[in-house]
Amino acid sequence: MASNNSNEKNILVLNCGSSSLKFAVINSESTDLLLSGIAERLNQSDASITTKINGTKNTEALGEMNSHLHAIKQVGHQLKLNGLIDTIYAVGHRVVHGGESFTQSVLIDQDVINAIQETSGLAPLHNPANLTGIKAATELFPNLPQIAVFDTAFHQTMPEHAYLYAIDKTLYQQHGIRRYGFHGTSHYFVSREAANVLNKPIEQTSVITVHLGNGCSICAVENGQSVDTSLGLTPVEGLVMGTRSGDVDPGLIIYLQSQHQYSTEDIDELLNKKSGLLGLSQISNDCRTLEEALDSDNEATQKQAQLALDVFCYRVSKYVASYTCALSHLDAIVFTGGIGENSDYIRKTVVERLNLMGLFVDEQKNIQARFGQGGEIQSENSNVKILVVPTNEELVIAQDAARLASAQVTN
Ligand code: AMP
């Protein structure tokens, strides 16, 4: 049976998607990553699970045992094999949508499960999968505290003028239609890391955090609190993403429905799966592939990739400039996420359009920051610092889980 030894705060972090399960064991005090992995294509015959420990990867087919519950059982098996099972102190679950019910992470009980269930309409692909993970982990680890950490919670400090859409207000009152924002754990983490780099208390630090990965969002963080963010009611609004459109004229939906017989499913597919970098380039949703295509011998391929990256970068620059109006002052712009951490091309192109605001990148520092270490990349004449900070959403989940589990033990 798993022990609750408070000296050894290893946390099992679970991130359950509709057909995947990402997992990690993190020591919340040393911040060491002890084991990680992913189960993919769950509920399909070709489901598999890959575990990484001490730099070695091992992939196994799940065969008939391909449900979320089976995958979590397999994680439990790996924990046993690697001598970690008795060191797990709590389980932290990433939950995508907390609606207005959750402004911070919580210890999971039946009321919390009901509230996540009630919010499922706002995240029909994500919340039910998160609940499946919670149910399976509770069944397998009945003695461990289970903690929910919400993507939306950090943004609950946004003021009304930032989160309300200019539509009939009764839709907000009756159906909760408003901006919620996502990637909260990432914006929270990198804004704190930025304050450390700037050597300022977080309560006096104002930054714009730019999370660019397969999903992308930007956040204005005033004195440590989210005051605006680009993802909205759902994770489609705002920046151009891998396959998601970001901002479009909502009239487009009416036009496609009335003039081109698009169904609700067609529109969902278009905006979530066939848009963004993929839709524009017709090549790939993957930024690295598109950057490689810039050097293609094929002129048409090269032009298509360039266009997609131009639209992507222009949108980011436009958002950074507009988010200055949410802040009293600006200490730094912070790039994070797979693209933000690794692509010197994207960072340079985004900042070039911000020269008018006095932001300039140092070419050499920008290239050096590519190798995952992060750092400051502004040039000497830049008015504002520009930082690259690797995100660590799993660590935020592990630390919140450890804190809440300890509080439970203390109480
Ligand atoms: P994430 O969702 O945070 O894992 O980020 C995935 C995105 O990061 C994909 O579009 C990748 O192509 C992109 N990415 C990762 N490494 C690089 C790189 N070296 N250059 C450009 N894009 C990268």
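Computed from a predicted structure; not experimentally measured. (Residues numbered from 1 in each chain as written. Predicted model: local features only at pLDDT ≥ 70, side-chain atom pairs only at ≥ 80, totals over all residues. Heavy atoms only, no water.)

## Quick look at the site of the ligand
The cut-off we apply is this: Whether a residue is near a molecule or strand is decided by its heavy atoms; if any one of them lies within 4 Å of it, the residue is near. We define a polar contact as two N or O atoms separated by no more than 3.5 Å, with the added condition that, inside protein, one atom must be a possible hydrogen donor and the other a possible acceptor, whereas residues neighbouring each other in sequence contribute only through side-chain atom pairs. What sets the accessible areas is the Shrake-Rupley method with a 1.4 Å probe; for residues, cover comes only from the shown protein chains. Only runs of H or I of at least four residues qualify as helices and only runs of E of at least two qualify as strands under DSSP, and these elements are numbered from the N terminus. Three residue categories are used. Nonpolar comprises Ala, Val, Leu, Ile, Met, Phe, Trp, Tyr, Cys and Pro, charged comprises Asp, Glu, Lys and Arg, and polar comprises the others, including Gly.
For the ligand, the full set of nearby residues is Gly-213, Asn-214, Asp-286, Cys-287, Arg-288, Glu-291, Gly-337, Gly-338, Ile-339, Asn-342 and Ser-343. In this structure, Arg-288 approaches the ligand through a main-chain N or O atom, which is 3.0 Å from an oxygen atom. Within the backbone of Gly-338, a nitrogen or oxygen atom sits 2.9 Å from an oxygen atom of the ligand. For the ligand, the accessible surface in isolation is 510 Å², of which the surrounding protein chains cover 72%. Mapped by element, the contributors of at least two residues to the shell around the ligand are helix 10 (287-293) and helix 12 (337-342). By residue class, the composition of the shell around the ligand is two nonpolar, six polar and three charged.

## Here we look at a negative patch on the surface
Heads up, the condition is: Patch construction takes residues with relative accessible area above 30% that form no salt bridge. Like charges are linked within 9 Å, and nonpolar side chains (Val, Leu, Ile, Met, Phe, Trp, Tyr) are linked within 5 Å. Salt bridges are defined as contacts in which a side-chain nitrogen from Lys or Arg sits within 4 Å of a carboxyl oxygen from Asp or Glu. Positive charges are assigned to Lys and Arg, negative charges to Asp and Glu, while His and the chain termini are left out of the count. One atom stands in for each charge, and that atom is NZ of Lys, CZ of Arg, CG of Asp or CD of Glu.
Together, Glu-265, Asp-266, Asp-268 and Glu-269 line one region of the surface with negative charge. Relative to the assigned elements, Asp-266 resides in helix 8 (residues 264-273).

## Description of the side chain of His-211
Convention followed: Note on definitions: a residue-residue contact is assigned when non-hydrogen atoms from the two residues lie within 4.5 Å.
By the element assignment, His-211 lies in strand 9 (residues 207-212). Not counting residues up to four positions away in its chain, the partners in contact with His-211 are His-183, Ser-186, His-187, Cys-216, Ser-217, Thr-336, Gly-337, Thr-391 and Glu-393.

## Describing the pattern of salt bridges
Quick note on the threshold: Relative accessibility thresholds used throughout: buried, under 20% of the residue-type maximum; exposed, over 50%; partly exposed, between the two (1.4 Å probe, protein chains only).
Using the criterion set out here, one finds 11 salt bridges in the structure. Put simply, Arg-41 and Asp-46 hold a salt bridge, and the shortest N to O gap is 3.4 Å. Residue classification places Arg-41 among the partly exposed positions, given a relative accessible area of 34%. Of the charged contacts, one joins Arg-179 and Glu-237 as a salt bridge, the two residues approaching to 3.0 Å between their closest N and O atoms. Taken together, the residues Arg-179 in the loop between helix 5 (170-175) and helix 6 (184-198) and Glu-237 in the loop between strand 11 (225-229) and helix 7 (251-260) connect sequence positions 58 residues apart. Under the relative-accessibility criterion, Arg-179 is labelled buried at 11%.

## Considering the sheet that holds strand 13 (residues 375-376)
Heads up, the condition is: Note: two strands are recorded as paired if DSSP finds a minimum of 2 bridges between them. Lines fitted to the C-alpha atoms define the axes, with helices restricted to the stretch that makes contact. Angles between their N-to-C directions range from 0 to 180 degrees.
An order of 11-10-9-12-14-13 is seen for the six strands of this open sheet, with the pairing classed as mixed. Since the sheet does not close on itself, it has two edges, and those belong to strand 11 and strand 13, each with one partner. For strand 9 and strand 12 (residues 332-336), the ladder comprises five bridges, and the chain directions are parallel. Bridging from a neighbouring strand, Val-210 pairs with Phe-335 of strand 12. Across the sheet, helix 6 is in contact with strand 9, strand 10 (216-222), strand 11, strand 12, strand 13 and strand 14 (385-388); its angle to strand 9 comes to roughly 130 degrees. Sheet strands touched by helix 13 (residues 344-352): strand 9, strand 12 and strand 14. Its angle to strand 12, the strand with the most contacts, is close to 150 degrees.

## Re the nonpolar core
So the rule is basically this: The criterion is simple. A nonpolar core is a set of buried Ala, Val, Leu, Ile, Met, Phe, Trp, Tyr and Cys residues joined through side-chain atoms within 4.5 Å.
Core analysis: the largest hydrophobic core is formed by 42 residues, its most contacted members being Val-210, Leu-212, Phe-312 and Ile-346. Elements supplying a minimum of two residues to this core: strand 9, strand 10, helix 10, helix 11 (299-323), strand 12, helix 13 and strand 14. Here this core takes nine residues from helix 11, the largest share from any one element. Discounting chain neighbours no more than four positions away, the residues touching Ile-346 are Leu-212, Cys-287, Glu-291, Leu-309, Phe-312, Cys-313 and Ile-339.

## Quick look at the state of the cysteines
For the record, the criterion: When the sulfur atoms of two cysteines come within 2.5 Å, that pair is taken as a disulfide.
Applying the stated criterion across every chain yields a total of zero disulfides. Counting only cysteine sulfurs, Cys-287 is the nearest neighbor of Cys-313, a cysteine outside any disulfide, at a range of 7.5 Å.

## Here we look at the pairing of strand 6 (residues 88-95)
Burial within strand 6 is extensive, with seven of its eight residues counted as buried. Strand direction decides the pairing type here: strand 6 and strand 8 (residues 146-150), joined by five bridges, are parallel. Its bridge partner being in strand 8, Val-91 is matched across the sheet by Gln-146.

## Concerning helix 1 (residues 68-81)
For the α-helix, the turn length of 3.6 residues means that residues three or four positions removed from each other point alike. Going by this rule: Multiplying one less than the number of residues by 1.5 Å gives the expected span of a helix.
With 14 residues, helix 1 should reach 20 Å at 1.5 Å per residue; the first-to-last C-alpha distance of 20 Å fits that figure. His-68, Ala-71, Ile-72, Gln-74, Val-75, Gly-76, Gln-78 and Leu-79 are the residues of helix 1 that are buried.

## Some thoughts on the pairing of strand 1 (residues 10-16)
With seven of its seven residues buried, strand 1 lies for the most part within the structure. Side chains Asn-10, Leu-12, Leu-14 and Cys-16 of strand 1 all project onto a buried face; the interleaved residues Ile-11, Val-13 and Asn-15 project onto the opposite face, where all are buried too. With five bridges joining them, strand 1 and strand 6 adopt parallel strand pairing. What sits directly across from Leu-14, in strand 6, is His-93.

## Concerning the sheet that holds strand 7 (residues 106-107)
Spatially, 5-4-3-2-1-6-8-7 is the arrangement adopted by the eight strands of the open sheet, whose pairing is mixed. Each having just a single partner strand, strand 5 (56-61) and strand 7 make up the two edges of the open sheet. The pairing of strand 4 (residues 48-53) with strand 5 spans six bridges and is classified as antiparallel. Across the sheet, residue Ser-48 finds its bridge partner in strand 5, namely Ala-61. With respect to the sheet, helix 1 is in contact with strand 1, strand 2 (21-27), strand 3 (33-40), strand 4, strand 5 and strand 6, its orientation differing from that of strand 2 by roughly 30 degrees.

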